[in-house]
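Architecture at a glance
For reference, the chains in residue letters:
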Amino acid sequence: MDIKIFSAQHTIAKTGSLQAIEKIKRPDFNEEAWIFAGFQSDNGVLKNIYEKICAVFEEAYFKKDEEGDDFDRLEEALKVVNEVIKEDVKELDESIWKDGGFLIAIFSGNNLYFTSCGTPEVYFVRKGRFTVISEGLTEQGKVTELFTNVANGELKDDDKIIFTSSRLLRHVTGNQIAEALQSGVTESMEAMKFILVDDEPINLVIFHIKTLSKLPFEGGSKSKGEGFFKKATSKSASSLGAKMPSGVKNFWNKIASSNWHHKNAAIIFAVLIGLVLVAIFFGLLSQQKNDEQKEVYRTEIQTIKEDLSSAEARYLEGKITEANNLLDRVETTAKEINEQGYFRQEVMAILEETQNKRNEINGITRLSGAKVVVDLASSRDNVDLRGVFELNSEIYAYDNNVLFQILGGSGEVKNIYNLKESESVIDGTIFDAKSEMIFLTNDGKIIEFKDEEGSYASTTDESFKKAIAVKTFSKYMYLLSPEDNEIWKYERQDNGFTEAQDYNSDADLSKAISFSIDGSIYALTSEGDVIKAHRAKQVDYAIKDAPDGNLKGSTKVYTNDKLNKLYFLNPAEKSILIFSKGQNEAYYQRQVVIEDIEEIRDFWVDPATERLVLVDNSKVYEVKL
């Protein structure tokens, strides 16, 4: 069978990762080789190995005077590759293969051969049926030789194959992949990109096999498939010698078997004719139904296109809620059509336009490539950050037990304070008036930290009031206590803090989860409401035009007397919502989504530059708004 291979490639390579693909095809050979590398991180060692693999394999495999068939030449080439790189491989840590690996594939005539090491996988779709055909190729445990097993099989018209550097089945199902590969390679790749999560580096190539010429029958007493199976079996028995212990794996055996040649040819022919006639009959019925369904979806696509235009009109009229409702309807219908496999390319374009329109209507800015200031996991085990702020132009981050200082010039990390094992930090803040930091602990103590020295603060009360958050303003410290429905106010004097004064007189703070101060106090509740108090009295205050009507899902409010905005953190959406700060209302301005941070724990805003400093569980980031 003469075949042509169509391919489409999608690659995401992030800083420090290795994602590479090399295609090798020589004019004198009816073969092409594909060599892949996919690793989440690399310091240059893996890239060096990959370059050796490409150079050595090309020279060793493509030899005109080499005796033997395709598999013989592949066997010898892989032995040479393993020998050349064996010293480099010995130096690699076993853990490197948990999130990366190499793969070599050969398309020769109508056969496919491939071998791999690590996480790369190969998926096979024939007549809509999905199969993983790379299982068992990689040896478990310590890797001493990269390529020790080979899978092979015969390709047929309309077969689809995916080579990937990552385990896609963690994110999508086999059925979803099979559905995505129903059209040509370009449409299939667009469909794959839509269903994948682009939160990790990946190499992905889709191959679509098409015959250049077809014959109605193959002559001879044996089918071509039968000859292939016998050949594969004999190769499997001979294995690859001492250096290739597990031998050959015939992937076609996973999805089909052929014993038809043992049956009477006449009976088979009659049965086939009957089946063909039945198939034609039901095929016509199915096609009629399919055409009718297609027309229904064509009408629905026209409707949702009109809804998109209507959403734009509502937005221009200032009717944000109505515009979002229309976009929700468009998205739901488009996904339903896509799941049925109709008009995939057009639906993908509609979904992309819907997302862009939603971003525009809701003032959403999506940022990626946040600068990593420091990864504290490299300096301390089990770090679990809770908060971050700046004092005197230096960044400070803290977890339950340790305060870290990150020096701005060098990025050096100083572990400058350790709590007792029995203590844990609940919240922390800066005390501008004293140029110091304040920390609230789980046992109700206040720790003051200044000039690299920490000490327990005192109060004229027996102890500080129970609280969940601490803030300061001028010479005062405030503790938020939903349990007491109170904000406790303490004045800082030379010899410690005064007794607690009740600040709240009429607000319901029982559901408050965060607060901030700029002279007035803003408290965020678990219901997404904002309570404003000034001089101990609640002020009528409204949140205007919030994307979902309120701030439910937000966990932190942030402002100060140098900022003219209110900032709210929504960890689930990985976003910071920004509102103008008026006397009696806060108007929604925009939302910043930080796409490449898995979980935002806390943030701080530079009032002069609107630079965001953020933390997840172990890293400190910077983002320019």
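Residues numbered from 1 in each chain as written. Predicted model: local features only at pLDDT ≥ 70, side-chain atom pairs only at ≥ 80, totals over all residues. Heavy atoms only, no water.

Some details on the side chain of Asp-159
Locating Asp-159 in the fold gives a position in the loop between strand S8 (149-154) and strand S9 (160-164). Assessed through its relative accessible area of 1%, Asp-159 is described here as buried. There is a polar contact of 2.6 Å between the side chain of Asp-159 and the side chain of Arg-126. Sequence-distant contacts of Asp-159, defined by excluding residues within four places in its chain, comprise Phe-124, Val-125, Arg-126, Glu-154, Phe-207, His-208 and Ile-209. (Helix = DSSP H or I, 4+ residues; strand = E, 2+ residues; numbered from the N terminus. Buried < 20%, exposed > 50% of the residue type's maximum accessible area, 1.4 Å probe, protein only. Polar contact = N/O pair within 3.5 Å; in protein donor to acceptor, adjacent residues only side chain to side chain. Contact = heavy atoms within 4.5 Å.)

With respect to the sheet that holds strand S7 (residues 129-132)
Read from one edge to the other, the open sheet built from five strands follows the order S1-S10-S9-S6-S7, with strand pairing classed as antiparallel. Across the chains shown, the open sheet's two edge strands, defined by having one partner strand only, are strand S1 (3-12) and S7. Here the average twist between neighbouring strands, direction ignored, is 20°. Sheet analysis places strand S6 (residues 121-126) next to S9, joined by five bridges and oriented antiparallel. Its bridge partner lying in S9, Val-122 is registered against Phe-163. Against the sheet, helix H4 (residues 185-195) contacts S1, S9 and strand S10 (202-211), and its axis sits at roughly 150° relative to S10. (Pairing = 2+ DSSP bridges. Axes fitted to C-alpha atoms, helices over the stretch in contact; angles between N-to-C directions.)

Details of H4
Those residues of H4 that fall on the buried side of the exposure criterion are Val-185, Ser-188, Met-189, Ala-191 and Met-192. Relative to the axis of H4, the buried residues are bounded by an arc of 160° and lie together on one face. Of the surrounding secondary structure, the elements contacted by the buried residues of H4 are S1, S9, helix H3 (174-180), S10 and helix H8 (344-361). (Arc of directions from axis to C-beta.)

Details of the side chain of Glu-423
Among the secondary structure elements, Glu-423 is positioned in the loop between strand S17 (413-418) and strand S18 (425-431). Assessed through its relative accessible area of 2%, Glu-423 is described here as buried. A polar contact of 2.8 Å, which involves the side chain of Glu-423, links it to the side chain of Tyr-456. Aside from chain neighbours lying at most four places away, what touches Glu-423 is Asn-400, Asn-401, Asn-442, Asp-443, Lys-445, Ile-447 and Tyr-456.

Quick look at the pattern of salt bridges
In the structure shown here, the tally under the stated rule is 41 salt bridges. Its salt-bridge partner being Lys-52, residue Asp-88 comes within 2.9 Å of it at the nearest N-O pair. You can see Asp-88 sitting in helix H2 (residues 70-90) and its partner Lys-52 sitting in helix H1 (residues 45-61), a full 36 residues away along the chain. By relative accessible area, which is 30% here, Lys-52 ends up partly exposed. Linked by salt bridges that have partners in common, Lys-371, Glu-390, Asp-606, Arg-611 and Glu-622 make up one network. (Salt bridge = Lys/Arg side-chain N within 4 Å of Asp/Glu carboxyl O.)

Observations regarding the packing of aromatic side chains
Aromatic ring pairs: the centre-centre distance and the angle between the two ring planes describe each pair. Taken as a whole and judged by the stated rule, the model has 27 aromatic pairs. Relative to Phe-36, the ring of Trp-34 lies with its centre 6.4 Å away and its plane at 25°, an arrangement referred to as stacked. Assigned by exposure class, Trp-34 and Phe-36 land together as buried. With centroids separated by 5.3 Å and ring planes inclined at 80°, the aromatic side chains of Tyr-398 and Phe-439 adopt a geometry described as edge-to-face. In this pair, Tyr-398 is assigned in strand S15 (residues 394-398) and Phe-439 in strand S19 (residues 436-441), connecting sequence segments 41 residues apart. Of the two residues, Tyr-398 and Phe-439, neither departs from the other in class, the shared state being buried. By the ring-pair criterion, three or more aromatic residues cluster together here, those being Trp-34, Phe-36, Phe-107, Phe-114, Phe-163 and Phe-207. The residue whose ring lies beneath Lys-465 is Trp-488, and the NZ or CZ to ring-centre distance is 4.7 Å. When the ring centre of Phe-497 is taken as reference, the NZ or CZ atom of Arg-492 above it lies at 5.5 Å. (Phe/Tyr/Trp six-rings, centres within 6.5 Å; stacked < 30°, edge-to-face > 60°. Lys NZ or Arg CZ within 6 Å of the ring centre and 35° of its normal.)

Purely geometric stuff here, so don't read any function into it on its own.
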